[in-house]
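# Observations on the model geometry
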Amino acid sequence: MRFFSSYNRKWLFYTVTFLVFFTSVLLIIQYRHEKSIRIEALNDELNNYASLAINYIQKNQLSEEKSFERLDSLTGLIEDHTLRITVISPEGAVWYDSSVEDIGTMENHLNRPEVRQSLREEFGTDIRVSATTKIRYYYYARYVEEYFIRISVIFDLETRQFIKPDTIFMLLLVIVLFITSFSIVLINDKFGKSVHTLKEFTSRVLSNKSVEEGLDFPDNELGSIGQEIIEIYRKLNQTKETLLSEREKLIRHLNMLEEGIAIFSKDMEVITNNKHFMQFINHISDSRVNSPEGFFNIPDFEDLFRFIYKNIRKDVQKLAEKQPVCEISLSKGGKYYNVKSMVFPDKSFEVSIQDVTRPAKRKLLKQELTENIAHELKTPVSSIRGLLETIIESNPPKEKAMDFLHRAYAQACRLSHLVNDISLLTKIEEAGSLYEIEAMDLRNILKEIEQEMRPGLDEHQIELEIAIGSKLMLKGNPVLMYSVFRNLMDNAVDHGGEGTTIRIEKYAEDEEFYYFSFSDDGRGVPDEDLPRLFERFYRVDKGRDRKRGGTGLGLAIVKNAIEFHKGTISVKNRSNGGLEFLFTLFRNLK
């Protein structure tokens, strides 16, 4: 048995296959033949009853009188009391039914399957639940020029057994097939063992289990092939693990870069991308982009598209000799971008977007910050001092003094908000590790803010739309997350105008980040002011903001809180009016 040849194995395989096929065909033919005989016998029996009813109707001229109640005497003579006789007019109206007293409630039967079939053939049959009696019947119908005669028998266990084919012959065939197959398996034992081991191998592979132990092939040709397959798989698995490790390193490296990078296949499908790529293309695009592939729908990159389409049609050899590179510059919303694309020999290609907006020098920022803090503190302190000096020195009337005190209190509150905002910013930048990280439902935070701001929203006739789902879990600091959305809401209410709509939307997500949009359809801001919106104490309309009591630090807090959550934020004017903030939040901050 050990030296069973490949030819014999093939012969055994073909023999078993033919045996199974032949037995199956024989079983099917026998089953259908037996069933047709049984059904034919049932139809003959029902046809006899139909003929009996037709003869009775003709003999008593019931069809001429259209009075079929006398058929009740015929049904009483039939031994099978479950038999149902129905007479139907050529138009489908029921003239008589032995099982229904009030035939006026019955539907038109012209479209019943057995009735329609009897118009085309000698008779018609069907099995279904009666719409009138709610009982399952086997129907048999004949058309005799002036009417349809239909005989029905309840399709119960007894009827099923009547038309069920005899299974003894089929059972014998199955037993013979089983014995024969069992004999072949015994004869070809080692072949079966090899197949079983290969099956165990594939099962372990599919379930990601180890294939290093417990796979012993017999000493034959198929066993040798199996050992070679396992060895090839081990090498491929090692290569795969190495590639996955390198890919993971590449993805982490891409997310660490300040550039937006995406790699696409030759079919324009994304292979990988980092968070900055989604952020940048949404800032450049005039409409929402929900996936990296949306890059190809942005008109600003038209020159780059022509370069890509041209080179992916080139011969692979030409691409291997010299990898084509294209570079363009874009300006959008006060920001400047350098965009590059490189086409690789396999016709995949990379697109990188770099924000090259010239940042203010750090020294200048510190100097401006010190000056701004001094200026912002000076204004409320001077006001408080002047008001109190007036009360002390001039001793004004009580009503006037109270007015001065209220104004001094308002300035003190503004001073307190300013100190709190500066403290919050300093803590985020200098002592961010002091903030506790915990799981939170962003929907609950937004609900809390909405409840707090509802009076102000109603006062300004502002609608609030939140499109982030019923539950959105992430890990971070709830206090900072509250500050992000509260400051954005305050900014939209104070500067968006009356009767606007504020929309908060999670428009995309990946394994690491959620992508958000916060927008309104209000006034927006001039493009030249956009790059400075996140600067501390920067105001588009300085006089108007101070009247409203703003500190000028709200958007700076938003930016720093989002960066604390390993995200980024940008802002642009919407094409149809209003302002849109695009930002990302890390899903599982540690």
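Calculation notes
Residues numbered from 1 in each chain as written. Predicted model: local features only at pLDDT ≥ 70, side-chain atom pairs only at ≥ 80, totals over all residues. Heavy atoms only, no water. Helix = DSSP H or I, 4+ residues; strand = E, 2+ residues; numbered from the N terminus. Buried < 20%, exposed > 50% of the residue type's maximum accessible area, 1.4 Å probe, protein only. Contact = heavy atoms within 4.5 Å. Core = buried A, V, L, I, M, F, W, Y, C linked by side-chain atoms within 4.5 Å. Salt bridge = Lys/Arg side-chain N within 4 Å of Asp/Glu carboxyl O. Pairing = 2+ DSSP bridges. Axes fitted to C-alpha atoms, helices over the stretch in contact; angles between N-to-C directions. Phe/Tyr/Trp six-rings, centres within 6.5 Å; stacked < 30°, edge-to-face > 60°.

The next point concerns the overall build of the protein. The number of helices and strands found in the protein is 17 helices and 17 strands. Relative to its full complement of 590 residues, the protein shows a buried share of 40%. Sequence-distant contacts, at least 24 apart, represent 59% of the contacts inside the protein between residues at least 6 apart.

Another aspect to go through is the nonpolar core. Soluble globular proteins tend to pack their nonpolar side chains together in the buried interior. Phe301, Val351 and Ile353 are the most contacted members of the largest nonpolar core, which totals 76 residues. At 8 residues, helix H15 (residues 478–495) tops the list of elements feeding residues into this core. In this structure, Ile353 is in contact with Glu259, Gly260, Phe277, Phe280, Ile281, Ile284, Phe301, Tyr337, Asn338 and Val339, ignoring residues within four places of it in sequence. Membership of the second largest hydrophobic core comes to 23 residues, among which are Ile57, Leu71, Tyr138 and Ile151.

A few words on the pattern of salt bridges. If you walk through the whole model with that rule in mind, you get 22 salt bridges. With a closest N to O distance of 3.5 Å, Asp300 and Lys332 form a salt bridge. With Asp300 in the loop between helix H9 (275–284) and helix H10 (302–312) and Lys332 in strand S8 (residues 325–332), this pair connects stretches of sequence that are 32 residues apart. In this structure Asp300 comes out as partly exposed when scored by relative accessible area, which is 29%. For Glu450, the salt bridge identified is with Arg454, shortest N-O distance 2.9 Å. Of this pair, Glu450 and Arg454 are both found in helix H14 (residues 442–459), 4 residues apart, which corresponds to roughly one turn of the helix. You can call Glu450 partly exposed: its relative accessible area is 25%. Residue classification places Arg454 among the partly exposed positions, given a relative accessible area of 28%.

The next thing to look at is the sheet that holds strand S15 (residues 513–520). Sheet architecture is open: 5 strands sit in the order S12-S14-S15-S17-S16, paired in mixed fashion. Only two strands of the sheet have a single partner each, and these edge strands are strand S12 (463–467) and strand S16 (569–573). Here the strands of the sheet are splayed against their neighbours by 15° on average, with no regard to which way each runs. Pairing of S15 with strand S17 (residues 579–586), which is carried by 7 bridges, proceeds in the antiparallel orientation. Bridging across to S17, Tyr514 finds its partner in Leu585. This element, helix H17 (residues 554–564), spans S16 and S17 of the sheet and lies at about 30° to S17.

We note that Glu145 has phi near 70°; this positive angle belongs to a residue other than glycine. Within the fold, Glu145 resides in the loop between strand S4 (136–143) and strand S5 (148–154). By relative accessible area, Glu145 is classed as exposed at 67%.

Per the stated rule, a full pass over the model turns up 25 aromatic pairs. For the pair Phe295 and Phe301, a centre-to-centre distance of 4.7 Å together with 45° between the ring planes defines the contact as tilted. Assessed through its relative accessible area of 0%, Phe295 is described here as buried. With a relative accessible area of 0%, Phe301 lands in the buried category.

Moving on, we come to the pairing of S4. With respect to burial, S4 is a largely interior element, 6 of its 8 residues being buried. Sheet topology note: the strand S3 (residues 124–129)/S4 ladder contains 6 bridges and is antiparallel. Counted as the bridge partner of Arg128 is Tyr137 from S4. Connecting S3 to the antiparallel partner S4 that follows it, the hairpin turn spans 6 residues, and Lys134 within it adopts a positive phi of roughly 60°. Pairing geometry for S4 and S5, over 7 bridges, is antiparallel. When the bridges of S5 are listed, Tyr139 appears paired with Ser152.

Such coordinate-based values are descriptive only and should not be taken to indicate function.
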